[in-house]
Structure formats: structure tokens, C-alpha cells
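If you want the building blocks of each chain, they are given just below.
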Amino acid sequence: MRDPRYDILFTPLKIGPVTAKNRFFQVPHCNGMGHAMPLAHAAMRETKAEGGWAVVSTEECEIHPSGDLTPYVEARLWDDRDIPALALMCDKVHAHGALAALELTHNGPTASNLYSREVLLAPSHQPSKYGYPSQARAMTLHDIREYRRWHREAAIRGKRAGMDIIYVYAAHDLSLAMHFLQRRRNQRSDEYGGSLENRVRLLREVLEDTRDAVGDTCAVALRFATEELLGPGGVELAEAREIVGMLAELPDLWDVNLAAWYNDSVPSRFAGEGAQEPFIDFVKKTTTKPVVGVGRFTSPDTMVSQLKRGVLDMIGCARPSIADPFLPRKIEEGRIDDIRECIGCNICVSGDMTISPIRCTQNPTMGEEWRKGWHPERIAPKRSPSRVLVVGAGPAGLEAARALGQRGYEVSLAEARKELGGRVTREARLPGLAEWARVRDWRVGQIHKLANIAVYLDSALSAQDVLDFGAEHVVLATGCHWRRDGYGRSHGFAIPGFANNPRVFTPDDLMDGRLPEGRVVVFDDDGFYYGSVAAELLRLRGCEVIHLTPDDGIAPWSLHTLDYRHIRKRMAELGIEAMVSQDIIGYDGTTLAVEDVWTHRRRELGCDAVVAVTARVPDDALYQELLRREAEWSAAGVRSLRCIGDAEAPGLIAHAVYAGHRYARELEEPASGEVAFKRHFHTAHADDLRREPQAREPS
């Protein structure tokens, strides 16, 4: 039963000619599926609608080949042939009483046109943003008229597809409408450049065009970035106030945020819930139209506060809707403790960045709704009364035990340590990673609700213990540990002087409270977050820290999760020295032998200790011993043995959670063939996209 404190979240809201059934708005977010995987995309959005979101939006939707975003996979409405894919999404969303929203965009100089081979367009002559060896040409007045026509026609196609809300996009430094606002991109001297009124002209015209084209049945939303944090070269808050004042009543809905994406979707390590409020709280005071904004909202109390204090009219979410598509329904049903709260790790973002289907650390079903038929709340019941022993209560073991318990199996979960959570518990103690403990906390909370799961702490099991336990199925999630010898991506063998050196530490040492002192070199051959977190921890404890890496940049994989700029800024603020393109070839306990990876010039570097962030070793000794004793399984009643998560192959926490979930889903289920998921455009699925869009009445 819903807590009456949250009633305000479930009041309908009129947005132009349509009405949202509640105040939950899944704002546009990329997903790595888009136009290339329309069936998977539609199923993912449908799950959000089923979970109670009043509005479910697409990602960026390209309106013309001259705004081609290849290799990134977004939505498309280049012509009528693109309508069926988005119509499918609309039908799926409407089936659950939600509104469908479409974010139209032409990315101008931030596009690539690698597929279309069209010349890039921009307000003025300029290089392409993302390093492609080409430039965008300045748009003529004819080009501007054409752009307006492309946008209008795409809006009409969106209406034909069944969309309820059509976006005009002026945010994230990713749209021509925004580029015309920016002094650094718009250096025109005609009626579209110079003064703020002139730079706003195109945005005003596109809003008016869109209202004229589809405003009778579709609401028109404006997504607008109020601050770029770039100083006078970007849109600044003072200027944004003027822009909102100029356009206050023109859109039916204001969707406001920060630019660029790395400032909008800041990882939890660098920003907490509701961090955007100081940059967007003025908008609702300036317009009578509804306002939606984001802040990685997971707490219903924070959501209610945003509405009651007049900051927002609707709670916008991208990442929280990925972590828990059923977040609104759980609040409505009074199941607050069941919410899978977003941890802000941005693994979801990495799907778009790596051009692969979206995934989530907290929600292993994300992106698998169509491919594997996985649902975030439902799972098939057990096939037999078999008992399952799960060894290891890290992220893989906790998720396996939880999902097996949900299926109805009798589960025993044995953990060697005195606390649950494994690496999640230990990593969450590092600077900025406290919210990652939600991976443990949600699963432990769910496990405690299930009487068919027994948990045993401080229970290190031997192979004989496992065989004597009497479980038919055994799954080992025993984790891994960091190597101390320097072996890793850059070294196929141990680094001389590392092995058995008491002055060489690993992330495990730091997480266990064994910290070096003095001048410390963090040797990062991993390339993600561990190196910079270790450097920050040691600097905060008073060490002089050098972050040294063979890569040409610090934490290169963090570009995929939007951490990179924040990491570099944090390191600069803390006075952590960065040394890139440098490798370690030896250490004698006081002096490192360092080599430039390109010139091979060598130098010596004095240091009191080294933290080796290189590679990890699976803790699979128990698994290997049980394999050697396979002949004894039958007598012990063991029918299957599996090794999962870091104990099989170390990876991200998301990999471990997925492995645990997959094991639980597939236990005793029939094999699905060589390819364990459906693929697009098989003949059997073609009819799904061969249909006329269904007529839609305004709500």
C-alpha cells in the first residue's frame, strides 16, 4: 500500500494536448540498440512502461543523413522507412498506459557522417568535435531552411509513428539548435548570429515549426542545457536565464539539464543525488509550463521534495530507470525496500560508447528483455526440488542465491569472510564508491525476505565439505585477487623486483587497510577506476603520489563511463602527478627503473612503495579440486558444478552480477542452442516491423 507522503508523485499532469498519468518521466537515454536492434529497443522501453513510468522516451533520433552519428547506434527518422521501428516502440509503450516521447536531433559538427558521407553542417566553419579528420561547413540561409524542413518532416513522421511528445533538442552540445546558441560555435554576422536574440532565433523557429506541424495532438518538449561549465565560451547560467525568459511559454514542457553529457550524467564518485538543482531551479519560476529535470533520483523523499519545493513538476530519470524499470510501481505499491537503486557507476553509458546493447550493474536483465526474454521482476519457477549450494557471497554469489531463491530453490549460501558482499563491500570503502554498496544491500535485503535461503558467514569450505553438503547443484563464486608480481597487459612476465617485495602493494592490501607511506607510485596497467581511486586514497592519507601508466592517458576506459574528465580534475586538485606512456622494468625497493614506451629511454625514480594495479587471478582452487574429484560427485549427490563471476574470469562488478543471474535463470532449463539469445532480422521477426502505425487519440 502506498505511503500517503508519496501521493503527489501519482497525480496526473497535463502536458499540452496529452496527459501524463503520474510524475515519473523516463527522459531520453542512449542504449546501443537504436535503429539497428528495433525489437530489443522496443522491448526495453516497454518494460519501463510496464514498470509505471508515465512517459517513456527514445534516445537521440537522427532526422537526416547529414546528421549521421555512425558508429554510434541511435534512433533514426531519415525517411518513412524508419517509421515502423519507432511505431513498434509506441505500441509497446501505449499498451501499458504510458506516453511515448521522441527526441529529434541533428548533431551538426558533433555528428560524423561516416555512413552517409555527407558534409558536416555547423553555424560557422569549424572542425568536427570528436577528432574526425574533417570540418563542418558554415550553413547558408538555404541550409537553415532545409534543416527546419527536415526537423518538421521528422516530427510529422514521429506523430505518424504514434509519439505523444516530440522533443526539440538543445542540450549536451549535441544539436544544431544548441550550437547556434554557443558563441564558440556560432560566429555568424547575419540574423542568426551575434546577439543573444539572434542566436536564439533558430531554436525559436524550430519550436514554432514543431508546434505548427504536430502540436494539435503531440506535446512539444524542449530539452535545454542551462550551463556548460565552460565559461564565456559556452552557455552560462546567466545567459540561460535570458533564453528561458525569451522562450518561456513556447514549449509544452521544459526538460532542463547540464551539458555536456559528462556533466549531466556525472558518476556517483563525483556527484550525489539531486546535484543539478542549483543549475535548473530557476526554470519553473520563469514559465507556467511543466518542468522535468534529472538528478539520479532514487529516493522517493527526494522526489517529493523536488515537487513540493517547486523545483520540478516531473521526476526525470535515465540511470535510475535502467537500474530499476519498476521504480514507480514499487513506490506506488509501498515496496520502497524493493527498489534497486542506481549506483551511478555509468556502466549503462558504456553500452552506447562501445556500440553494444545497454547493460547495468544493478539490473542484469537490462538489454536482455527481447534477446533472452528476461524480465526484471519475473523469473521462471524451479524445475525440481533440487538443493543448491552457493559458495561465495560477493556480487555473483549474492545474485545467484537471490534469483535462485526467487525461483523457489532451497539455497545455502556460504561465505568465508565474516561479512557479505565480497569485492563490493571492500571497494565501497574506497573514496567516492560508497553508493556501490547498494549492489550488496539490495541483494541482502531480498535474500532476508526469502525463507528458502540459508546464509552461513565465516564458513570457508573445503572440497570435502562441498561433497558432504548434500546439494545437487554447486556454484562457486569465490572471487579473485590482485597479482603482486606486475604481470598484466604490458608485461607477459613478472617485473623484476616485484614478487615477494614488501614494498609492493596491491588494491587488495589497500582495501584490507594495509597502506604504504611516503612517496608512492601507483602503477596502473588496468586502465579503469582502480588506479585513480588508489591514488586518491593514498593522497588523502598524506602520501606523495605519482600515477604512472604505460597508456597514453590516465584511466582510458573511463572515457566510456564519463569518469575521465572528473578523474583528471580530481587528481589535479589533489596534487597527484600523472606520468603517462611510462612503463616499469624493475624495482629494488627504493628506486624504480622506468622506461618510456615509445622512445625506450630509461630513467630512475625514487619511491618508498609501489601499488601494482595490473591483473587479477581467479580464486578457483576449490573449483579445480572438485573437478579432480568428479568421480565422487555421483555418490555425493552432486549433479552439476559451475564456477562463475570473478572466480571464472575477473571483470567488472556488472559481469559478476550478470553471471550470477544467468546461472540462476538457466539452472535446469532446456538449452537454447548455440546462440543463447535472439538476433534481429531473422525471417521469423520480420513481420513485427511490417505494419501500419496504429491511429492514436490525444489523451
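Everything numeric in this text was worked out from a predicted model, so none of it was measured.

Moving on, we come to the overall build of the protein. What the protein contains, in helices and strands, is 24 helices and 29 strands. Against the globule reference of 27 Å for 699 residues, the protein gives a C-alpha radius of gyration of 27 Å, in line with a compact fold. For the protein, the spread of C-alpha atoms along the three principal axes comes to 75 × 65 × 50 Å. Counting every position in the protein, which comprises 699 residues, the buried fraction comes to 61%. In the structure as shown, the protein presents an accessible area of about 26600 Å², 50% of it carried by carbon and sulfur atoms.

So, on to the side chain of Ser175. Following the sequence through the fold, Ser175 ends up in the loop between β10 (165-170) and α4 (176-179). Once residues within four sequence positions are removed from consideration, Ser175 is found in contact with Thr105, His106, Asn107, Tyr169 and Ala170.

Time to look at the packing of aromatic side chains. Across all of its chains, the model carries twelve aromatic pairs by this definition. Ring centres 6.4 Å apart and planes at 80° place the aromatic pair Phe498 and Tyr587 in the edge-to-face group. On the criterion of sequence distance, the pair formed by Phe498 in the loop between β19 (480-482) and β20 (504-505) and Tyr587 in strand β24 (residues 582-587) is long-range, its members being 89 residues apart. Note on Phe498: relative accessible area 0%, which makes it buried. For the ring pair Phe528 and Trp557, a centre distance of 5.0 Å and an interplane angle of 80° mean the geometry is edge-to-face. With Phe528 in the loop between β21 (519-524) and α19 (530-540) and Trp557 in the loop between β22 (544-548) and α20 (564-574), this residue pair connects regions lying 29 residues apart in the sequence.

So, on to the sheet that holds strand β16 (residues 410-414). Within a beta sheet, neighbouring strands are joined by backbone hydrogen bonds and run either parallel or antiparallel to one another. Strand order in the open sheet formed by five strands is β17-β16-β15-β18-β29, with parallel pairing between adjacent strands. Lying at the two open borders of the sheet, with one neighbouring strand each, are β17 (453-456) and β29 (640-643). Averaged over neighbouring strand pairs, the angle between their axes works out to 15° when direction is ignored. The pairing of β16 with β17 spans four bridges and is classified as parallel. Pairing of Ala414 across the sheet is with Tyr456, part of β17.

It is worth spelling out the nonpolar core at this point. Inside soluble globular proteins, nonpolar side chains tend to come together where they are buried. Leu9 and Phe224 are the most contacted members of the largest nonpolar core, which has 98 residues in total. With eight residues, helix α5 (residues 196-214) is the single largest residue contributor to this core. Not counting the four nearest positions on each side in its chain, Leu9 is found in contact with Asn22, Arg23, Phe24, Pro300, Met303, Val304, Leu307, Ile315 and Ile331.

As for its position among the elements, Leu540 is in helix α19. Along the backbone, Leu540 and Arg309 are 231 residues apart, and their C-alpha atoms lie at a distance of 37 Å. Setting aside residues up to four positions removed in sequence, Leu540 forms contacts with Pro431 and Leu574.

Attention shifts here to the pairing of strand β18 (residues 473-476). Burial of the side chains of β18 extends over both faces: His473 and Val475 are buried on one face and Val474 and Leu476 on the other. Where strand β15 (residues 387-391) meets β18, four bridges bridge the pair, whose relative direction is parallel. The residue bridging Val388 from the neighbouring strand is His473, located in β18. Two elements, β18 and β29, share four bridges in a ladder whose sense is parallel. Its bridge partner lying in β29, Leu476 is registered against Cys643.

Mapped onto this structure's residue numbering, the UniProt feature "domain: FAD/NAD(P)-binding" (unreviewed entry) falls at residues 387-624. Measuring from the first to the last C-alpha atom of residues 387-624 gives 22 Å, for a span that is 28% helix and 26% strand.

Let's shift gears to the pattern of salt bridges. Taken as a whole and assessed by the stated rule, the structure comprises 66 salt bridges. The closest approach of N and O atoms between Arg5 and Asp301, which form a salt bridge, is 3.7 Å. Here Arg5, found in the segment before β1 (13-15), pairs with Asp301, found in helix α10 (residues 300-308); they are 296 residues apart in sequence, far enough to count as distant. Looking at Arg5, the relative accessible area reads 48%, which means it is partly exposed. The class for Asp301 is partly exposed, based on a relative accessible area of 40%. A salt bridge links Asp68 to Arg76; its shortest N-O distance comes to 3.2 Å. Classification of Asp68 as buried rests on a relative accessible area of 0%. Through salt bridges with shared partners, a single ionic network connects Asp80, Glu146, Arg149, Glu153, Arg157 and Arg160.

Spanning 13 residues, helix α14 (residues 395-407) covers 18 Å between terminal C-alpha atoms, matching the ideal 18 Å at 1.5 Å per step. Buried residues along α14 sit in contact with β15, β16, α15 (423-427), α16 (438-448), β17 and α23 (653-666).

For the rest of this paragraph, the subject is the layout of surface pockets. Think of a ball as big as a water molecule: rolled over the atoms, this probe shows where empty space is left. Computed from the structure, the largest pocket encloses a volume of approximately 1000 Å³. For the largest pocket, the lining is made up of 49 residues, of which Tyr130, Leu174, Trp261, Met353 and Leu562 are closest to its centre. Among the secondary structure elements, those contributing two or more residues to the lining of the largest pocket are β4 (55-62), α7 (261-264), α11 (319-323), α13 (347-353) and α20. Residue contributions to the lining of the largest pocket peak at four residues, all from α13. Across the lining of the largest pocket, the residue classes break down as 25 nonpolar, nine polar and 15 charged.

In space, the three strands of this open sheet follow the order β24-β25-β26, with antiparallel pairing throughout. Strand pairing shows two members of the sheet lacking a second neighbour, β24 and β26 (602-606), which therefore form its edges. On average, each strand axis in the sheet is tilted by 35° relative to the strand beside it, whichever way the strands run.

Here Asp588 is to be found in the loop between β24 and β25 (591-596). In this structure the C-alpha to C-alpha distance between Asp588 and His35, which are 553 residues apart in sequence, comes to 56 Å. Here the side chain of Asp588 touches Thr590 through a polar contact of 2.9 Å, landing on its backbone nitrogen. Reaching out from Asp588, the side chain makes a polar contact with the backbone nitrogen of Thr591 at a distance of 2.7 Å.

Calculation rules
- Residues numbered from 1 in each chain as written.
- Predicted model: local features only at pLDDT ≥ 70, side-chain atom pairs only at ≥ 80, totals over all residues.
- Heavy atoms only, no water.
- Helix = DSSP H or I, 4+ residues; strand = E, 2+ residues; numbered from the N terminus.
- Rg over C-alpha atoms; globule rule 2.2 N^0.38 Å.
- Buried < 20%, exposed > 50% of the residue type's maximum accessible area, 1.4 Å probe, protein only.
- Areas by Shrake-Rupley, 256 points an atom, 1.4 Å probe, with all protein chains shown as cover.
- Contact = heavy atoms within 4.5 Å.
- Phe/Tyr/Trp six-rings, centres within 6.5 Å; stacked < 30°, edge-to-face > 60°.
- Pairing = 2+ DSSP bridges.
- Axes fitted to C-alpha atoms, helices over the stretch in contact; angles between N-to-C directions.
- Core = buried A, V, L, I, M, F, W, Y, C linked by side-chain atoms within 4.5 Å.
- UniProt positions renumbered as here; feature names shortened; annotations may be inferred.
- Salt bridge = Lys/Arg side-chain N within 4 Å of Asp/Glu carboxyl O.
- Expected span 1.5 Å × (residues − 1).
- 1 Å grid on protein atoms, 1.4 Å probe; cavity = no way out; pocket = protein on both sides within 12 Å on 5 of 7 lines; lining within 4 Å.
- Points joined across faces, edges and corners; volume = space filled by probe spheres on them.
- Nonpolar A, V, L, I, M, F, W, Y, C, P; charged D, E, K, R; others polar.
- Polar contact = N/O pair within 3.5 Å; in protein donor to acceptor, adjacent residues only side chain to side chain.

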